[in-house]
Amino acid sequence: MVQHTHTRFDTSFAALSDATRRGVLEQLGRADASITDLASKFHMTLTGMKKHVGVLEQAGLVTTQKVGRVRTCKLGHRQLAEEAAWIARYQQLWSARFDALDKIVEELKRRENFDDRE
Amino acid sequence: MTGNRDREPIAMTNPTTVERTSERDLVITRSFDAPARIVFAAWTTPELFMRWWAPKSLGMSILSCEMDVRVGGSYRIAFGSDPANAMPFFGTYIDVIPNARLAWTNEESAEGAVTTVTFAEKDGKTLLTLHERYPSKEALDANGTGAADAMPEQFGQLDELLATLGTGGALP
């Protein structure tokens, strides 16, 4: 069950990296909604919201269905969403650590260069 | 504008990849623009390690850090800002190859991982690979939330999101 591919992780993580998209997921966790509903809730254009929903849909986090003229969005597979959130949390931790480590590494490099010149 | 430069803009950081390669294994990779000896030093010198292992950007802090970096040597890190409520993290180094490889156990509980970090240098840059192997699938599943305990704020948002998804209408 827990065999993942790079692509799926990347897509899910990219989908979760945006605050609006996380908000959309939260919203859909409460109730299904049309793109128009979501656009007005998040004060966005229809086109902007369509893009966000498209990203979530590609990641499997959201599914949409068009009935008549209305496209209704609902949460995708819960398990996939949970796994994506789980990985995103690791990603957030390690990115933050390694960005801080970059600073130390730069500092040590400068110190080495300085010592070489002595 | 500052025109062309040889180096990348400062804001650019190398990407961190996270992959769960099996039910029990997690692999994280990241490149650093420095030779392995420098990156290794930042992992094995307590006063340096303390400055990045608990990033302030995540609201984390470390109270103390002791490291005896040799095979059979131990480490002990206390997370938190108040000694009365410190979260200890401790274990033993099981493999130490200077500037190349570091492995340790994690012994706060039976669910702790064995972590192996390799430092592969090429053209003055270092590719770091961190591999955590957990005793069971459940231990790794649970650690997703365990790690979050140490970093309250931003991770709290994701926890909330996860909770929302968990109770949402998507369940069959």
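All figures in this text were calculated on a predicted structure; none of them were measured in a lab. All chains use their own residue numbering, which begins from 1 and follows the written sequence. Starting at A for chains and at 1 for ligands, labels are handed out in the order in which the entities are written. A pLDDT threshold of at least 70 governs which residues receive local features in this predicted model, and a stricter bar of 80 or more applies before side-chain atom pairs are shown or counted, although totals over entire chains, interfaces and linings include all residues.

Focus on the overall build of chain B
Alright, step 1. On a plain count of helices and strands, chain B comes out with four helices and eight strands.
Alright, step 2. Walking chain B from its N terminus toward its C terminus, one meets helices and strands in the order β-β-α-α-β-β-β-β-β-β-α-α.
Alright, step 3. Any two residues are considered in contact once their C-beta atoms, placed from the backbone, lie within 7 Å. Expressed as a percentage of contacts within chain B between residues at least 6 apart in sequence, the contacts between residues at least 24 apart total 35%. Helix and strand assignments come from DSSP, with helices taken as H or I runs of at least 4 residues and strands as E runs of at least 2, each series counted from the N terminus.

Looking at the sheet that holds strand S4 (residues 74-79) of chain B
Residue and element names in this part refer to chain B.
Alright, step 1. Any two strands between which DSSP finds at least two bridges are classified as paired. One open sheet accounts for eight strands, arranged S1-S2-S8-S7-S6-S5-S4-S3; its pairing is antiparallel. Here the strands that pair on one side only, and so sit at the sheet edges, are strand S1 (17-20) and strand S3 (62-67). When the angles between neighbouring strand axes are averaged without regard to direction, this sheet yields 20°.
Alright, step 2. Pairing between strand S7 (residues 114-122) and strand S8 (residues 125-133): nine bridges, direction antiparallel. By the bridge assignment, Thr116 is partnered in S8 with His131. Structural elements are reduced to axes, namely lines fitted to C-alpha atoms, with helices fitted over the stretch in contact, and the angle between N-to-C directions of any two is expressed from 0 to 180 degrees.

Structural notes on the nonpolar core
Alright, step 1. A set of buried residues qualifies as a nonpolar core if it consists of Ala, Val, Leu, Ile, Met, Phe, Trp, Tyr and Cys joined through C-beta atoms within 7 Å. Field definition: a residue is buried when 20 or more other C-beta atoms are found within 10 Å of its C-beta, exposed when 12 or fewer are, and partly exposed for counts in between, with C-beta atoms placed from the backbone. Counting 57 residues, the largest nonpolar core has Leu56 and Val105 of chain A together with Val39 and Ala42 of chain B as the members making the most contacts within it.
Alright, step 2. Tallying contributions element by element places helix H5 (residues 78-117) of chain A first for this core, with 13 residues.

A look at the confidence of the model for chain B
All names here are of chain B.
Alright, step 1. Per-residue confidence from the predictor is reported as pLDDT, which spans 0 to 100. When pLDDT is averaged along chain B, the result is 81; 76% of the residues meet or exceed 70.
Alright, step 2. Taken as a whole, residues 165-172 scores under 50 in pLDDT and shows 21 contacts with residues more than four places along the chain or in a different chain.
Alright, step 3. Listed scores for the predicted complex are pTM 0.66 and ipTM 0.77.

Regarding the pairing of S7 of chain B
All names here are of chain B.
Alright, step 1. Of the strand pairs in this sheet, strand S6 (residues 101-105) and S7 are connected by five bridges, and their pairing is antiparallel. The partner of Thr105 across the bridge, within S7, is Val114.
Alright, step 2. Between S7 and S8, which pair antiparallel and follow one another directly, the connecting turn spans two residues, one of which, Asp123, has a positive phi of 50°.

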